[in-house]
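Summary of the model geometry
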Amino acid sequence: MVQGLAIFDGFLNESAAGELLDLVLVNEAGFEPSSIARYQSGAIDPDMRRSSTFRGDWSAHRDRFRSAIDAAMPALLEATGMKDWPQKRGQIDLAVHRDGNFFRRHRDTLVGEHRKDGVRLISAVYYFFRQPRGFEGGQLAVFDPRGDHEIVEPLHDRLVVFPSFLPHEVRPIAISGDRFADARFSINCWLNRVQS
């Protein structure tokens, strides 16, 4: 396995995952094309990334997810091989990948203006979707500096964590009929060290 990559199955619980699914299924109109953070600006680049990010209010669910991440922090640090740091800030978004969506190989570390949010140290992806799942593909491929890689299957209520400097990609997704309810939903989270 790629060093620093870790998987936590059953991360929230079936009830919390179901509430997240209920939220997204009634808010399809709240998703907009995802941008890419590149140096000083976020831009939409459909050759690099095709997905949508939720722009509506999901603050109660986001706060519960943040609390779960905070509670799991010792395990996340140990699993990724990262040392604890005093000033943490988290970034969290809610995304959907539909038929033909993907995110080509990239790193989550940022430069330039985006550093005002701090330096991304740990990346986390939490998957949830309808059971049985209505999509194929959508695996996360994570690469290490030696060129080895690990393919992680998206499973419902699974959290995947890894150091943010590791290159990774979302493999293309296929959904027959492209029904929104059959999409792959995820919470993407970055744990940052605040710059002094």
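Basis of the calculations
Residues numbered from 1 in each chain as written. Predicted model: local features only at pLDDT ≥ 70, side-chain atom pairs only at ≥ 80, totals over all residues. Heavy atoms only, no water. Helix = DSSP H or I, 4+ residues; strand = E, 2+ residues; numbered from the N terminus. Buried < 20%, exposed > 50% of the residue type's maximum accessible area, 1.4 Å probe, protein only. Contact = heavy atoms within 4.5 Å. Areas by Shrake-Rupley, 256 points an atom, 1.4 Å probe, with all protein chains shown as cover. Lys, Arg positive; Asp, Glu negative; His and termini not counted. Charge placed at Lys NZ, Arg CZ, Asp CG, Glu CD. Pairing = 2+ DSSP bridges. Axes fitted to C-alpha atoms, helices over the stretch in contact; angles between N-to-C directions. Expected span 1.5 Å × (residues − 1). Bend = angle between axes of the 7 residues up to and from the residue. Core = buried A, V, L, I, M, F, W, Y, C linked by side-chain atoms within 4.5 Å.

1. As for the overall build of the protein
Of regular secondary structure, the protein possesses two helices and 16 strands. Taken over the C-alpha atoms alone, the protein extends approximately 45 × 35 × 35 Å along its principal axes. Across the 196 residues of the protein, 51% fall into the buried class. Once local pairs closer than 6 in sequence are excluded, the contacts in the protein between residues at least 24 apart make up 82%. A total of about 9700 Å² of accessible surface is found on the protein, and carbon and sulfur atoms cover 48% of it. Once the 25 positive and 27 negative side-chain charges of the protein are each reduced to a mean point, those two points are 5 Å apart.

2. Details of the sheet that holds strand β8 (residues 102-106)
Spatial strand order, β5-β8-β14-β11-β12: five strands in an open sheet with antiparallel pairing. Each edge of the open sheet is held by one strand with a lone partner, namely β5 (49-50) and β12 (149-152). Across three bridges, the pairing between strand β11 (residues 140-143) and strand β14 (residues 168-170) is antiparallel. The partner of alanine 141 across the bridge, within β14, is glutamate 169.

3. Some details on the sheet that holds strand β1 (residues 6-9)
Within the open sheet, the seven strands sit side by side as β1-β13-β9-β16-β7-β6-β2. Their pairing is antiparallel. Both outer strands of the open sheet, β1 and β2 (31-33), are each paired with one neighbouring strand and no more. When strand polarity is set aside, the average angle formed by the axes of neighbouring strands in this sheet is 30°. Of the strand pairs in this sheet, β1 and strand β13 (residues 158-163) are connected by four bridges, and their pairing is antiparallel. Counterpart to isoleucine 7 in the pairing with β13 is valine 160. Sitting on the sheet, helix α1 (residues 14-25) touches β2, β7 (88-97), β9 (119-128) and β16 (184-193), and the angle it makes with β9 is about 85°. Sheet strands touched by helix α2 (residues 59-80): β1, β7, β9, β13 and β16. Its angle to β13, the strand with the most contacts, is close to 55°.

4. Here we look at α2
Between its terminal C-alpha atoms α2 stretches only 27 Å, short of the 32 Å expected from 22 residues at 1.5 Å a residue. A maximum bend of about 60° is found in α2 at methionine 73, where proline proline 74 lies one to four positions downstream. The complete set of buried residues in α2 reads His61, Phe65, Ala68, Ile69, Ala72, Met73, Leu76, Leu77 and Thr80. Buried residues belonging to α2 abut β1, α1, β7, β9, β13 and β16.

5. Regarding the side chain of asparagine 101
Position of asparagine 101 among the secondary structure elements: in the loop between β7 and β8. Given the relative accessible area of 12%, asparagine 101 is considered buried.

6. Section: the pairing of β7
A large share of β7 lies buried, amounting to seven of its 10 residues. Pairing between strand β6 (residues 52-54) and β7: two bridges, direction antiparallel. Across the sheet, the residue bridging to threonine 53 is alanine 95, located in β7. With 10 bridges joining them, β7 and β16 adopt antiparallel strand pairing.

7. Some remarks on the environment of serine 67
Mapped onto the elements of the fold, serine 67 is located in helix α2. C-alpha of serine 67 to C-alpha of phenylalanine 54: the two residues are 13 residues apart in sequence and 20 Å apart in space.

8. Side note on the nonpolar core
Judged by nonpolar contacts, the single largest core of 50 residues is most densely connected at Phe11, Phe65, Leu94, Tyr126, Phe128, Leu159 and Ile187. Contributing elements (two or more residues each) for this core: α1, α2, β7, β9, β11, β13 and β16. At eight residues, β9 tops the list of elements feeding residues into this core. Other than its neighbours up to four places away in sequence, phenylalanine 11 contacts Phe65, Ala68, Ile69, Ala72, Tyr126, Asp157 and Leu159.

Such coordinate-based values are descriptive only and should not be taken to indicate function.
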